[in-house]
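Topology and contacts: notes
Chain by chain, the residues run as shown.
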Amino acid sequence: MLSAKSAEVVEATLPVVGAAIGDITAHFYDRLFAAHPELLRDLFNRGNQANGAQRQALAGSIAAFASALIAHPDQRPDAMLARIAHKHVSVGITNDQYRIVHEHLFAAIVEVLGEAVTPEVAAAWDEVYWLLANALVAIEDRLRAEAAAGGDPADLWRPYTVVARYQETDGVTTFLVRPADGGPAPASRPGQYVSVRTRLADGARQIRQYSLSGSADGALRFTVKREPGGEVSAHLHDHLHTGDTVELAPPLGDIALADGDGPVLLASAGIGNTPMTAMLDHLAASGSLRTVVSVHGDRDQLTHAFRADLAQLTAKLPNATAHVFYERPLGDWPAERTGLVDLSTVDVPAGTTAYLCGPLPFLRAVREQLLTAGVPAADIHYEVFGPDLWLA
Ligand SMILES: Cc1cc2nc3c(=O)[nH]c(=O)nc-3n(C[C@H](O)[C@H](O)[C@H](O)COP(=O)(O)OP(=O)(O)OC[C@H]3O[C@@H](n4cnc5c(N)ncnc54)[C@H](O)[C@@H]3O)c2cc1C
Ligand code: HEM
């Protein structure tokens, strides 16, 4: 797909661009938000901008895409693009914004690399950008049409009414929402997330993703942990009550429980058990006979959201087991289940498909343990509650 001439130039300049990509993305975002302050206020997650996570993710994905193109010039790495495309559609980016990003990204490249950016180098990287952008646009157009389900793909946001809210633990609250127009809730697959858009006190309209923790009876359920210093999670905890309206994008996300009969392992830490609870709920509701191994790590019994749900859903499934690890357990708790999640004490059946969700150190450790237990890398899927820095 990448022309032979560009492939040669990109390969030769990848080390230079790669080494400078942190600077390039910093300049890029500064330029972008100076020219379009509304994008930082109303589209980008300003928490991720402040802590630098999104900047690293964009840089990492461009470098990864360029490397993939050089290694396999005729293949489009769609699996890598799916996560980005789902996120883009969920937050509502538009195809014309790719030109805006292009303008500021290339101005930033020239700003940082100066005369090293000859017309030949600029043309080669331009080709990489548009291959990436056009691939994303194609996937995003398809996803938007599917998510619109006959409605307007140009505006996927819909108002929902909060029909109930429950406190799961001290800092974790579940919201049950239904479409405000009385229509049915959109279809979802267990493991997917919704974007929630809220107007904050300073007038900014910030967007965050929340995994569905279940869906029932025409309602969607999502569960929010109050993040220390977090803007939207605190806003939802403090201001979103039963009867209130909240804007949601339809369920999206490329990590979802695949149909099948094979064994499933669901591993989570902390609030990472929201998508796992949706998966377990779905398996129990459909009377699944699959072998299901749930593994969860938390600080203690009181911080463990969905503790009772885990026990009840596991009991409903004839071939399910649950293994819970607490770092600082309260009361009488078996020593071998104290500490971080440790799969060496868990039987991982042959043919297992694993779904993981939790902080990056947890994901790294569990993935390693699963590989050691013989689970092929292709059968290990993970969700992260922030920009995917594994790409970087
Ligand atoms: C696919 C996906 C699914 C998710 N599912 C869930 C879920 O089911 N449940 C759930 O609770 N969460 C989930 N999340 C996380 C959620 O989207 C939010 O990221 C989370 O609620 C925090 O948002 P916030 O606005 O409260 O925090 P933010 O304001 O975005 O802050 C995030 C962090 O950055 C820090 N920060 C803010 N400003 C600065 C600064 N100036 N300098 C340095 N650090 C700063 C904050 O202290 C905080 O620790 C999910 C995320 C994704 C991507
Ligand atoms: C080829 C061009 C682009 C690339 C390579 C790219 C890459 C990425 C990546 C890697 C993520 C993080 C995905 C994740 O792990 O969750 C992301 C998210 C995002 N992108 Fe893009 N993107 C591109 C174009 C755009 C454009 C044109 C816009 C619109 C202005 C945009 C807006 C966003 C937003 C708002 C998010 C979510 C960020 C957050 O909430 O922190 N991107 N993009």
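Some points on the overall build of the chain
Broken down by element type, the chain carries eleven helices and eleven strands. A compact globule built from 392 residues should have a C-alpha radius of gyration of about 21 Å, and the chain, at 22 Å, falls within 12% of that. With respect to the three principal axes, the spread of C-alpha positions in the chain is 65 × 50 × 40 Å. With 392 residues in all, the chain has 49% of them scored as buried. Long-range pairs, those at least 24 residues apart, make up 73% of the contacts in the chain between residues at least 6 apart in sequence. Surface summary for the chain: the accessible area is close to 17,800 Å², and the carbon and sulfur share equals 54%. Charge centroids of the chain, computed over 30 positive and 46 negative side chains, lie 5 Å from each other.

Focus on the site of ligand 2
Every one of the 22 residues lining ligand 2 counts as a neighbour, but Asn 48, Arg 83, Lys 87, His 88 and Asp 388 are closest to it. Side-chain polar atom of Asn 48 to an oxygen atom of ligand 2: 2.9 Å apart, as the coordinates give it. Within the contact set of ligand 2, an oxygen atom lies 2.8 Å away from a side-chain nitrogen or oxygen of Arg 83. Broken down by class, the residue content of the shell around ligand 2 amounts to 13 nonpolar, six polar and three charged.

A look at the side chain of Thr 314
Mapped onto the fold, Thr 314 is located in helix H10 (residues 307-316). Classification of Thr 314 by relative accessible area gives buried; the value is 11%. Polar side-chain contacts of Thr 314 include one of 2.5 Å to the backbone oxygen of Leu 310. Not counting residues up to four positions away in its chain, the partners in contact with Thr 314 are Leu 280, Asp 309, Ala 320, Thr 321 and Ala 322.

Some thoughts on the coordination of the iron atom of ligand 2
Between any two of four tetrahedral donors, the ideal angle at the metal is 109.5 degrees; between two of six octahedral donors, it is 90 or 180 degrees. Coordination of the iron atom of ligand 2 by the protein comes from a single atom, His 88 (NE2), at 2.1 Å. Along the polypeptide, His 88 turns up in helix H5 (residues 78-91).

Focus: the packing of aromatic side chains
Enumeration over the complete set of coordinates arrives at nine aromatic pairs. Each ring, one from Tyr 129 and one from Trp 130, has its centre 4.9 Å from the other, and the planes form 90°; the classification is edge-to-face. What makes Tyr 129 buried here is its relative accessible area of 8%. Aromatic rings pair up to connect Phe 28, Tyr 29, Phe 33 and Phe 44 into one cluster.

Observations concerning the nonpolar core
Formed by 57 residues in total, the largest nonpolar core has its most connected members in Val 10, Ile 24, Phe 65, Leu 81, Leu 105, Trp 125 and Val 128. When residues in this core are grouped by element, the largest group, 15 residues, is from helix H7 (residues 119-148). Residues in contact with Val 128, not counting those within four places in the same chain, are Leu 2, Val 10, Phe 65, Ala 66 and Leu 69. By size, the runner-up hydrophobic cluster in this structure holds 20 residues, among which are Ala 267, Leu 343, Val 346 and Tyr 382.

Some remarks on the sheet that holds strand E7 (residues 264-269)
Across a sheet, strands are paired by hydrogen bonds formed along the backbone, either parallel or antiparallel in direction. Strand order in this open sheet of five strands is E9-E8-E7-E10-E11, and the pairing throughout is parallel. At either end of the open sheet lies a strand with only one pairing partner, and these are strand E9 (320-326) and strand E11 (380-383). The average undirected angle you get between the axes of adjacent strands in this sheet is 15°. Summarising the sheet, E7 and strand E10 (residues 353-357) pair through five bridges and their orientation is parallel. Directly across from Leu 266, in E10, lies its bridge partner Tyr 355. Where H10 meets the sheet, its contacts fall on strand E8 (292-298) and E9, and the angle it forms with E9 comes to roughly 155°.

Details of the pairing of strand E5 (residues 219-225)
Within E5, six of the seven residues are buried, leaving the element largely enclosed by the surrounding structure. For strand E4 (residues 205-216) and E5, the ladder comprises four bridges, and the chain directions are antiparallel. Across the sheet, the residue bridging to Ser 215 is Leu 220, located in E5. If you look at the hairpin formed by E4 and E5, you'll find two residues sitting between the two strands, and Asp 217 has a positive phi there, around 55°.

Focus on the packing of H5 against H7
Helix-helix packing: each pair is described by the crossing angle between the helix axes and the interaxial distance. Viewed as axis vectors pointing N to C, H5 and H7 meet at an angle of 60°, and their least axial separation amounts to 9 Å. Comparing their axes, H7 and H5 come out oblique. The way H5 lies across H7 gives a crossing that is right-handed. Counted together, Asp 78, Leu 81, Ile 84, Ala 85, His 86, His 88 and Val 89 of H5 and Leu 132, Ala 135, Leu 136, Ile 139, Glu 140, Leu 143 and Arg 144 of H7 form the full contact between these two elements. For the contact of H5 with H7, the residue count by class is nine nonpolar, two polar and three charged.

What counts, and at which threshold
Residues numbered from 1 in each chain as written. Chains lettered and ligands numbered in written order. Predicted model: local features only at pLDDT ≥ 70, side-chain atom pairs only at ≥ 80, totals over all residues. Heavy atoms only, no water. Helix = DSSP H or I, 4+ residues; strand = E, 2+ residues; numbered from the N terminus. Rg over C-alpha atoms; globule rule 2.2 N^0.38 Å. Buried < 20%, exposed > 50% of the residue type's maximum accessible area, 1.4 Å probe, protein only. Contact = heavy atoms within 4.5 Å. Areas by Shrake-Rupley, 256 points an atom, 1.4 Å probe, with all protein chains shown as cover. Lys, Arg positive; Asp, Glu negative; His and termini not counted. Charge placed at Lys NZ, Arg CZ, Asp CG, Glu CD. Near = heavy atom within 4 Å. Polar contact = N/O pair within 3.5 Å; in protein donor to acceptor, adjacent residues only side chain to side chain. Nonpolar A, V, L, I, M, F, W, Y, C, P; charged D, E, K, R; others polar. Donors = N, O, S within 2.8 Å, 3.2 Å for Na, K, Ca; no water. Phe/Tyr/Trp six-rings, centres within 6.5 Å; stacked < 30°, edge-to-face > 60°. Core = buried A, V, L, I, M, F, W, Y, C linked by side-chain atoms within 4.5 Å. Pairing = 2+ DSSP bridges. Axes fitted to C-alpha atoms, helices over the stretch in contact; angles between N-to-C directions. Parallel < 35°, antiparallel > 145°, perpendicular 65-115°, else oblique. Left-handed = near helix turned anticlockwise from the far one by under 90°.

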